[in-house]
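Descriptive structure summary
Chain residues, written in single-letter form:
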Number of protein chains: 4
Amino acid sequence: MSKKQHIKIATIGGGSSYTPELIEGFILRHKQLPVSEIWLVDIPEGKNKLDIVAKLGQRMIDKAGLDIKIVPTLDRRQTLKNADFVTTQLRVGQIDARILDERIPNSLGLIGQETNGAGGIFKAFRTVPVIFDIVKDMQELCPDAWLLNFTNPSGMITEAITRYTGFKKAIGLCNLPIHTQKKYADLLGVKLDRVRVELQGGNHFVFVTDVFLDGVSIMGRFIDIYLNKKEDTTMKNISGMDFSPALIKGLGAIPCSYHNYYFHTREQLDKQLKDFENNTVRGEVVKKVEEDLFKLYSDPNLNIKPKELELRGGAMYSDAACNLVSSLYNNTGDIQYLDVVNNGTISDLPNDCVIEAACVVTANGPIPLNIGKLKPEIAGLIQQMKSFERMTIKAAKTGDRNTAVSALNLNPLIDSDLLANKVFDELYKVHKRYLPQFDL
Amino acid sequence: MSKKQHIKIATIGGGSSYTPELIEGFILRHKQLPVSEIWLVDIPEGKNKLDIVAKLGQRMIDKAGLDIKIVPTLDRRQTLKNADFVTTQLRVGQIDARILDERIPNSLGLIGQETNGAGGIFKAFRTVPVIFDIVKDMQELCPDAWLLNFTNPSGMITEAITRYTGFKKAIGLCNLPIHTQKKYADLLGVKLDRVRVELQGGNHFVFVTDVFLDGVSIMGRFIDIYLNKKEDTTMKNISGMDFSPALIKGLGAIPCSYHNYYFHTREQLDKQLKDFENNTVRGEVVKKVEEDLFKLYSDPNLNIKPKELELRGGAMYSDAACNLVSSLYNNTGDIQYLDVVNNGTISDLPNDCVIEAACVVTANGPIPLNIGKLKPEIAGLIQQMKSFERMTIKAAKTGDRNTAVSALNLNPLIDSDLLANKVFDELYKVHKRYLPQFDL
Amino acid sequence: MSKKQHIKIATIGGGSSYTPELIEGFILRHKQLPVSEIWLVDIPEGKNKLDIVAKLGQRMIDKAGLDIKIVPTLDRRQTLKNADFVTTQLRVGQIDARILDERIPNSLGLIGQETNGAGGIFKAFRTVPVIFDIVKDMQELCPDAWLLNFTNPSGMITEAITRYTGFKKAIGLCNLPIHTQKKYADLLGVKLDRVRVELQGGNHFVFVTDVFLDGVSIMGRFIDIYLNKKEDTTMKNISGMDFSPALIKGLGAIPCSYHNYYFHTREQLDKQLKDFENNTVRGEVVKKVEEDLFKLYSDPNLNIKPKELELRGGAMYSDAACNLVSSLYNNTGDIQYLDVVNNGTISDLPNDCVIEAACVVTANGPIPLNIGKLKPEIAGLIQQMKSFERMTIKAAKTGDRNTAVSALNLNPLIDSDLLANKVFDELYKVHKRYLPQFDL
Amino acid sequence: MSKKQHIKIATIGGGSSYTPELIEGFILRHKQLPVSEIWLVDIPEGKNKLDIVAKLGQRMIDKAGLDIKIVPTLDRRQTLKNADFVTTQLRVGQIDARILDERIPNSLGLIGQETNGAGGIFKAFRTVPVIFDIVKDMQELCPDAWLLNFTNPSGMITEAITRYTGFKKAIGLCNLPIHTQKKYADLLGVKLDRVRVELQGGNHFVFVTDVFLDGVSIMGRFIDIYLNKKEDTTMKNISGMDFSPALIKGLGAIPCSYHNYYFHTREQLDKQLKDFENNTVRGEVVKKVEEDLFKLYSDPNLNIKPKELELRGGAMYSDAACNLVSSLYNNTGDIQYLDVVNNGTISDLPNDCVIEAACVVTANGPIPLNIGKLKPEIAGLIQQMKSFERMTIKAAKTGDRNTAVSALNLNPLIDSDLLANKVFDELYKVHKRYLPQFDL
């Protein structure tokens, strides 16, 4: 069991603005994690960004005085060949597709969002065929590599892989759990590593059902601390409202930031419709932020990850990924929050679905800490969301319009069968070129 | 095992406009079901209606030349004493409470309805304390009697009894299944008894997952027949729209009439808000219908159940009840659709919840035909609705505001935590006198 | 849905001594069940018996004045072609193989029995390849026919079909439940059709967990009646002992006749070892009985089923089969005890295993009445036996010696890993020609 | 969350010969675990041994130069008062009761053993009332203390507590898992801490279903290493035989030492009956070993744990206990093998049963790593053993003879209902004074 001494990282969607964080992560961990090559692959449309990011990455590494090679390329198969860890952070259709995912539902009076509602469903529809191709290549070119997916909707994409491809080494990642853990540590005035949480649910639909300080459950009094907090704990990319004390106490669980869409649907929609009219939907804002970031990245004197990156919603994503790579490599046995196959961890969700849970990370992969039955207060919401996700994944796989429309109908953010049909047709029209599985 | 030859029926809420149908049912079955007394009990506020109905009932029996005694009374304990079958068809707060259940949610921009959404939740809150009293009396005065509950929300009320009182002989009833069976028989152009359906779900939230003609599954072609139907198959009390072919085919199941509120929420709300402005919400319409019915009932020459009763939403309810009484008494082993404790019939719902399912009726009670796992396409919706119901029942039992507000938040028709809090407070204010369990 | 007016029955192993009972069954039901052809197929080694039985059958039909054609043949494919119902009552290796199944375990100091222990395991090993061939032919020649399996071990053979062949219309049958029901009716002094039982378990390992008289549960007092019975209620082919009152009351369930092997293992073994020495093991006795029966059958004046047949252990088997054929054909909805796929009927057994349970028989097949969780007192025994059966079926399918030896080890009647290996090798040696799936 | 700086240990059955190992354990861990008092309590009959052990313990501590007080006492309530950790290592009826547990079954031709078969059942019957008393005292005197039970049958005693007393902080311990882990490390030629195993089952009936070296699963090749081992890996107190390669490969799992009783029942029984005749049943041997040990312990010059202790079957038990105390105190998050409430860790065992599983140890207690469904090859055996255990616990709680006899019948080592009744009556007669719950 002697460990490999030269690790090859393959990053799909390497031209992403998040890449500098990823590279910083490997730099910070170089003592325990001997990365020797980081291949960044992108599509031709992303070549310019890719080059900018790769150069910045190399400058960061040079500054750190390390011997890591950054390889920007458009050749995905070459990138995957003999890779040890593959990370995916791609966006099919790029930022413009996201803007459509947001504006078209809005135009019909529906929530438009990147990973929730109709927008999230179509992001899944576009991503699944691409991820299936990547996995097929991995099965040929690097069958023993780990796939760390942080392409959104991360939970659904991971479940599509684990359910349909037979590839066993895929792990989904999200920055929401680590963000939550950090905010709670701040509320408690302690260091991050003294806080652990129990999660129940799936990616972007997870509840905190217990909080541990130095291993001891403090949920009862933490709810009070949480309710009395002054600061907004919502993530950057979500315009949050407070959940009512009655809701949190009645559930005995704390909803996550994304639950804003579900418990404040009406208010979120009102806000979105204003942004829609002002042409400031989130995708439009992000597009501007990204342009600014890449201007910064282009500065030949910049050789560190710029502070401005942290303002993007995805901050800590890449850090979580580097942590995971290191723990898998070193068999550390530490606890991380990951998207993994349920396999009975939560008794009342299907065995083959992907959940987001606290896992012990070993060289053999993450092993979830047992949860048992869902808290009855939140069980139905989670089961319903999971059922919707499974229908979406099935539609993404089969390309069946009936299944897709039903998935839209199952989504709690779409309150009309009529609009489910309509929003499908309109989003399909604009995204058709990315949806080869649908043959309508 | 010789059977009792003089059956005593106790009907709580005996002054209901449905009572003539119940009496007609016993008249029609008198050969196999020797009913000798029907006690109709009501509250003082309902005495006038009670007398009208009792007299009509006696005229119907006299016309049939039978020896059945109708006993109108305000004494519930006397009514229950030694009863063989108890039927409950009460409405706490009478029709005016219903109108508030509809108008107050409407005033906040929410669906207002008797058994769904905020209105249904408060109807449950008002009914549960009363039904607990009735069961307590039964445990003392007629512990071996069957309780046939058709007080709405019928599924939740039945589950409140089976989960919290230890009383084992409660069965819930709804006219929706038999209505569905009848409509399907009509669509197929055959007699009712040649058609059987498989149901999955709970009361007022049930899907048809299979249709059998002469015992043979015909679901595949039945969906086409159903989609090509000309006539509206929605129940009288619901203003229905067609479900889209994509939805029905994608689910592989046919939603029930009440699913109009869930799959056409936006459109139903629009329609309701118009009725709200015109003072024609359903309760207001029913109030008028009831007044007309009681005028008819008062006619001393009327000695049959008048045709006009069938226009009320509850038609066939009492007929279903008489069928059930007869099958329990005669151990017939025929199949009826009833609200019974799940006990593993549906593997992915809690064992102790109440489901609506096809049951073989025996002298020992109904035994559900096994179903197994829910169809995955509809599993989440049903689990979520059941989870909501369980939270509502818990709130009805405990009188805890946090639980109640959470139940409102879990309801798919309430899309805002803010409004969940608000609608609770407003409905609580007007119904307070009927909600002794809440001590706010 | 007009019903076919000319039913073709195909009976595999038609030369069995039980066939006259089957024919009698169809004669008695001819009014509701228009059988026009009964094909009896057997292997060349059974031709003589086949001819005797076919002639007797035809004489019985002629006496009844019916127009049913008996067709004896060695051509299985012709027999299956367009059949409506296929019954299997074959014995691979005939009676001599059974004698080996009994004597070889005995020679090692183990229980030897036709359907239990090492003998039953090897009967399954021999039968499964043949039944797979039959099913393959049916899928081609009569894909809509029902397969009624009463070849032992009936539960395992049926589960082999339902788990491995994709054929959905197989139903297993045993005479034990109807025999039990009859004995209980006798103990109660009432007619058979007033008694119903609840069964939990699988074929030949089933417990009675409730007894109903006219639909009413009487389990409590029935246990006392059962314990005070004078008569032996064990089946003809099992030498029974009484179960202790402590056992029956502690379990709250009545074991079946075959449980004699499991709860009286030591005493059964002692008895068998004496029979072994006297050359009177059950197979040897049956061989003699069969010879006598066929002498009787050969009498050209015999034109009814002879009384002597009832002394065979399998009495009422064929009657149960005819009942089932009639109920499937007529969609009667009556309750029969059948071996069917669990599908959640019993929550704590695998969904895809075959259980023996009370079913409503419809034209679409049997639907089990829901059971829920096993009684905890007997759950482990049933789960363990089912686990053993599944391992046996897997070994019968794969022909893997390790799996087979493990199955033997899992069997409660084999108390030594050493002997499990040894009895496998010895039985394999003598039955090798019937075990093509094993390639050792 | 500042940690207590003076830990009080309470050891029930403190006069046990294992106590020096326990004391050694605390000495070795004194840096991370500030134990200041170890109270050793015993019954009057054990006073002599208690004094010997206490003195030896104090000499060991003095030699180590630590400030830990050993307090020998007969006052249990004083011992428990404000204790932080309570360990139980008691034997009701002392070694002579064990000898009866072994010899009486033997005299009836049954396996006699301390924790298995009839002997184990009666040990549970005797221990449960005592442990309930202890827990009751703890709930009053040290409600926040952890109870570490290593009284056998450890799994059943722990489950009796968790199911019937409402006390949440009980953890069961056995030395078998750590012994297994150590033997496997030796077979692999690596250090203990590089090896991890996955266990499935309960205490003394656990299978190894996976082996990890440095976190990587090596089960496939480990089975070959295991089968080719030269050395006997069975525990000291069990006379082992090798399991056949067919069994291990067919199950895909390695049985534990105690499975010798179940897979080699016949051979174990033969061996025991010889020991029975020679008056060398295990209890008789142990009695002699104990006497020798206490002679050693009495030596005023002895101030370390003597090597001879390791020859007792329970070696490493106390070490495992000290490890657990330290990890609970320090919230280490390391993985230990413990007997804990299942709570869905194994999906196909009851939620409220106790299993033996790999757990992450936190200050809040052990959290089991999720397992999911049992391997189907061993599922039935484990379910059946657990079912037997639950029946035994129920009998131990209720004192119902029918339940007790049924539990004996459910045990795989008792192959006769007749003998189940007989062995109950004979063991009851001799142990009656310790069985107050039975009122026969």
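Every value quoted in this text rests on a predicted model; they were computed, and no experiment measured them.

Things to note about the sheet that holds strand E7 (residues 195-202) of chain C
All names here are of chain C. If you trace the three strands from one edge of the open sheet to the other, you get E7-E8-E9, paired in antiparallel fashion. Edge positions in the open sheet fall to E7 and strand E9 (216-217), since each of these has one partner strand only. By the bridge criterion, two bridges tie strand E8 (residues 205-213) to E9 in an arrangement that is antiparallel. Bridge assignment links Leu 213 to a residue of E9, and that residue is Val 216. Its contacts with the sheet put helix H8 (residues 219-227) on E8 and E9, and the angle it makes with E8 is roughly 115 degrees.

What to know about the side chain of Ser 17 of chain C
All names here are of chain C. For Ser 17, the position within the fold is in the loop between strand E1 (7-12) and helix H1 (19-28). By relative accessible area, Ser 17 is classed as buried at 2%. At a separation of 2.6 Å, a polar atom in the side chain of Ser 17 contacts the side chain of Glu 290. Leaving out residues up to four positions away in the same chain, Ser 17 has contacts with Glu 290, Leu 293, Phe 294, Tyr 297, Leu 309 and Arg 312.

Focus on the confidence of the model for chain A
For chain A, the mean per-residue pLDDT works out to 95, and 97% of the residues sit at or above 70. This prediction of the complex comes with two scores: 0.96 for pTM and 0.95 for ipTM.

Things to note about the sheet that holds strand E7 (residues 195-202) of chain D
Residue and element names in this part refer to chain D. In spatial order, the strands read E7-E8-E9; together these three strands make up an open sheet with antiparallel pairing. Taken across any chain shown, the strands that pair with only one partner, and hence form the sheet edges, are E7 and strand E9 (216-217). Bridge analysis of E7 against strand E8 (residues 205-213) gives eight bridges, and the strand direction is antiparallel. Note on E8: the bridge partner recorded for Gly 201 is Val 206. Of the strands in this sheet, E8 and E9 are in contact with helix H8 (residues 219-227), which crosses E8 at around 115 degrees. Docked against the sheet, helix H14 (residues 376-398) engages E7 and E8, running at close to 135 degrees with respect to E8.

Things to note about the pairing of E7 of chain D
Within E7 of chain D, seven of the eight residues are buried, leaving the element largely enclosed by the surrounding structure. Linkage of E7 of chain D to E8 of chain D, two consecutive antiparallel strands, is achieved through a turn of two residues, within which His 204 of chain D is found at a positive phi near 60 degrees.

Things to note about the pattern of salt bridges
Opposite charge on two side chains permits them to pair, given that their charged atoms come into close proximity. Residue and element names in this part refer to chain A. This structure, assessed with the given rule, holds 117 salt bridges over all chains. Between Lys 386 and Glu 389 there is a salt bridge, with the nearest N and O atoms lying 2.9 Å from each other. One end of the pair, Lys 386, and the other, Glu 389, are both in helix H14 (residues 376-398), three residues apart, so they sit about a helical turn from each other. Among the charged side chains, a network of salt bridges with common partners joins Glu 159, Arg 163, Asp 352, Lys 386, Glu 389 and Arg 390.

Things to note about the packing of aromatic side chains
Centre distance and the angle of the planes are the two values used to describe a pair of aromatic rings. What the rule picks out here adds up to 52 aromatic pairs over all chains. The interplanar angle of 85 degrees and the centroid separation of 6.1 Å between the aromatic rings of Phe 205 of chain A and Phe 207 of chain A together place this pair among those described as edge-to-face. Each member of the pair, Phe 205 of chain A as well as Phe 207 of chain A, carries the same accessibility label: buried. When the centroid spacing of 4.6 Å and the interplanar angle of 45 degrees are considered together, the rings of Tyr 184 of chain C and Phe 222 of chain C count as tilted. With Tyr 184 of chain C in helix H7 (residues 176-188) and Phe 222 of chain C in helix H8, this residue pair connects regions lying 38 residues apart in the sequence. Through pairs of rings, three or more aromatic residues link up here, namely Phe 122, Phe 125, Phe 424, Tyr 428 and Phe 438 of chain A. Positioned above the aromatic ring of Trp 39 of chain A is the side chain of Lys 8 of chain A, whose terminal nitrogen or guanidinium carbon lies 4.2 Å from the ring centre. The aromatic ring of Trp 146 of chain A is capped on one face by Lys 169 of chain A, whose charged end is 4.6 Å from the ring centroid.

Remarks on the interface of chain C and chain D
The interface of chain C with chain D comprises 41 residues on the first partner and 41 residues on the second. In this assembly, chain C packs against chain D so that about 3,000 Å² is buried in total across both faces, 50% of it on carbon and sulfur atoms. Remark: the boundary between chain C and chain D carries four salt bridges. A salt bridge links Glu 377 of chain C to Lys 394 of chain D; the nearest nitrogen and oxygen atoms lie 3.2 Å apart. Viewed at the interface, chain D and chain C are joined by 26 residue pairs in polar contact (both at pLDDT 80 or more). Counting only elements with at least two residues in the side of chain C that touches chain D, the list comes to helix H9 (245-251), helix H11 (265-277), helix H14 (376-398), helix H15 (401-410) and helix H16 (417-431) of chain C. Ranked by the residues each element gives to the side of chain C that touches chain D, the list is headed by H14 of chain C, at 10 residues. A per-class count over the side of chain C that touches chain D returns 17 nonpolar, 15 polar and nine charged.

Topic: the arrangement of the chains
Separated throughout, chain A and chain C approach each other most closely at a C-alpha pair spaced 14 Å apart. Taking C-alpha atoms as the reference, chain B and chain D come no closer than 14 Å and do not contact one another.

Brief notes about the interface of chain D and chain A
Contact residues are listed per partner, giving 29 residues for chain D and 29 residues for chain A. A combined buried area of about 2,000 Å² lies between chain D and chain A, and 55% of that area is made up of carbon and sulfur atoms. For the interface between chain D and chain A, the tally reads zero salt bridges. Inspection of the chain D/chain A interface yields 12 residue pairs in polar contact (both at pLDDT 80 or more). Considering only residue class, the side of chain D that touches chain A consists of 11 nonpolar, 13 polar and five charged.

Quick look at the state of the cysteines
Residue and element names in this part refer to chain A. Summed over all chains, the structure comprises zero disulfides over all chains. The thiol of Cys 359 is not disulfide-bonded; the next cysteine sulfur, from Cys 353, is found 13 Å away. Residue class for Cys 359 comes out buried when judged on its relative accessible area of 0%.

Topic: the packing of helix H2 (residues 47-64) of chain C against helix H12 (residues 282-298) of chain C
Residue and element names in this part refer to chain C. Contact geometry for H2 and H12: axes closest at 9 Å, N-to-C directions at 45 degrees. By the angle between their axes, H2 is oblique relative to H12. Between H2 and H12 lies a crossing of left-handed hand. Here Lys 49, Ile 52, Val 53, Leu 56 and Arg 59 of H2 lie close against H12, whose contacting residues are Glu 290, Phe 294, Tyr 297 and Ser 298. A per-class count over the contact of H2 with H12 returns five nonpolar, one polar and three charged.

Regarding the relation of the copies chain D and chain A
Here chain D sits on chain A after a turn of 180 degrees about the axis and a move of 0.0 Å along it, with an RMSD of 0.0 Å. Such a combination of turn and shift is consistent with a two-fold rotation axis. In this assembly the copies share their binding face: 100% of the residues contributing to the interface of chain D also contribute to that of chain A.

What to know about the environment of Ala 10 of chain B
Residues and elements named next belong to chain B. Along the chain, the position of Ala 10 falls in strand E1 (residues 7-12). With 393 residues separating them in the primary sequence, Ala 10 and Thr 403 have C-alpha atoms 34 Å apart. With residues near it in sequence (within four places) discarded, Ala 10 still touches Trp 39, Thr 79, Leu 80, Ala 83, Phe 85, Val 86 and Thr 87.

A look at unusual backbone geometry
Of note, the amide linkage connecting Asn 152 of chain C to Pro 153 of chain C takes the cis form, showing an omega dihedral of -10 degrees. Among the structural elements, Pro 153 of chain C can be located in the loop between strand E5 (146-149) and helix H6 (154-164). Look at Asp 214 of chain B: it is not a glycine, yet its phi comes out positive at around 50 degrees. Within the secondary structure, Asp 214 of chain B sits in the loop between strand E8 (205-213) and strand E9 (216-217). Phi at His 204 of chain C is positive, roughly 60 degrees, even though this residue is not glycine. Within the element layout of this structure, His 204 of chain C appears in the loop between E7 and E8.

Cut-offs used in this document
- Residues numbered from 1 in each chain as written.
- Chains lettered and ligands numbered in written order.
- Predicted model: local features only at pLDDT ≥ 70, side-chain atom pairs only at ≥ 80, totals over all residues.
- Heavy atoms only, no water.
- Pairing = 2+ DSSP bridges.
- Helix = DSSP H or I, 4+ residues; strand = E, 2+ residues; numbered from the N terminus.
- Contact = heavy atoms within 4.5 Å.
- Axes fitted to C-alpha atoms, helices over the stretch in contact; angles between N-to-C directions.
- Buried < 20%, exposed > 50% of the residue type's maximum accessible area, 1.4 Å probe, protein only.
- Polar contact = N/O pair within 3.5 Å; in protein donor to acceptor, adjacent residues only side chain to side chain.
- pLDDT = per-residue confidence, 0-100.
- Salt bridge = Lys/Arg side-chain N within 4 Å of Asp/Glu carboxyl O.
- Phe/Tyr/Trp six-rings, centres within 6.5 Å; stacked < 30°, edge-to-face > 60°.
- Lys NZ or Arg CZ within 6 Å of the ring centre and 35° of its normal.
- Buried area = accessible area lost by both parts, 1.4 Å probe.
- Nonpolar A, V, L, I, M, F, W, Y, C, P; charged D, E, K, R; others polar.
- Disulfide = S-S within 2.5 Å.
- Parallel < 35°, antiparallel > 145°, perpendicular 65-115°, else oblique.
- Left-handed = near helix turned anticlockwise from the far one by under 90°.
- Least-squares fit on C-alpha atoms with pLDDT ≥ 70 in both.

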